[in-house]
Amino acid sequence: MNTRRPFSKRKIIILSIVILFIGLVISMGYQALEPFRHLRITIHNQSDYDLSNITARVSSGIDSSDTNNPGTLYALKKGVPSGEQVKFAPQLRLSGEGSIHLEFTDSRGETHTKTVCGYTEYLSGNSYVTVTNETITVKEECM
């Protein structure tokens, strides 16, 4: 004869609360580490024009004009059509401090250059670029 009682509702509720609390702590820890991940750039194209020839470039003091140095230039293989959004992590290298510049061409043939990371030492964080017909805005969260 089995005298064991199945889990009571109270035990199930307590167990559910503990699991929920652990999930919340893990989620908060992930968000706290978010700025320290490799640099990611998000381009949101709200303009009427497609974007192409998208490159990210490292600029650091002495070698800022040397784009032949490996790791100073990253070309995105795809464009960003009008109304679309793309997120990418440019594979760049930096020793010391520098800045990151984004260059792209719209479907009218106009080339635009914007600083997406004004100062960085670690190539980490996020940068959000919003392109409209009138302006290009950048929100940078770089480290």
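Preceding this paragraph is the structure being described.
Predicted, not measured: the structure shown is a model, and the values here were computed from it.

Conventions adopted
- Residues numbered from 1 in each chain as written.
- Predicted model: local features only at pLDDT ≥ 70, side-chain atom pairs only at ≥ 80, totals over all residues.
- Heavy atoms only, no water.
- Salt bridge = Lys/Arg side-chain N within 4 Å of Asp/Glu carboxyl O.
- Buried < 20%, exposed > 50% of the residue type's maximum accessible area, 1.4 Å probe, protein only.
- Phe/Tyr/Trp six-rings, centres within 6.5 Å; stacked < 30°, edge-to-face > 60°.
- Helix = DSSP H or I, 4+ residues; strand = E, 2+ residues; numbered from the N terminus.
- Lys NZ or Arg CZ within 6 Å of the ring centre and 35° of its normal.

What's the story with the pattern of salt bridges in this structure? I'm lost.
Close approach of charged atoms allows side chains of opposite charge to pair. For the coordinates displayed, the defined rule picks out 3 salt bridges. Close ionic contact of Glu141 with Lys139 constitutes a salt bridge, the shortest N to O distance being 3.4 Å. Here Glu141 falls in the partly exposed class, since its relative accessible area comes to 33%. Through salt bridges with shared partners, a single network forms among Asp106, Arg108 and Glu110.

What is the right way to look at the packing of aromatic side chains in this model?
Aromatic rings in a pair are described by how distant their centres are and how their planes are angled relative to each other. Counted by the stated rule, this structure contains 1 aromatic pair. For the pair Tyr74 and Phe88, a centre-to-centre distance of 6.1 Å together with 15 degrees between the ring planes defines the contact as stacked. Residue Tyr74 is located in strand β3 (residues 73–75), and its partner Phe88 is located in strand β4 (residues 85–88); the two are separated by 14 residues in the primary sequence. The ring of Tyr49 has Arg108 lying over it, and the distance from NZ or CZ to the ring centre is 4.1 Å.

Explanation requested: unusual backbone geometry in the structure shown.
Negative phi characterises most residues that are not glycine, and trans characterises most peptide bonds. For Asn53, which is not glycine, the phi dihedral falls at a positive 50 degrees. Along the chain, the position of Asn53 falls in strand β2 (residues 51–59). Owing to a relative accessible area of 57%, Asn53 belongs among the exposed residues under this scheme.

Geometric descriptors of this kind do not, in isolation, establish any biological role.
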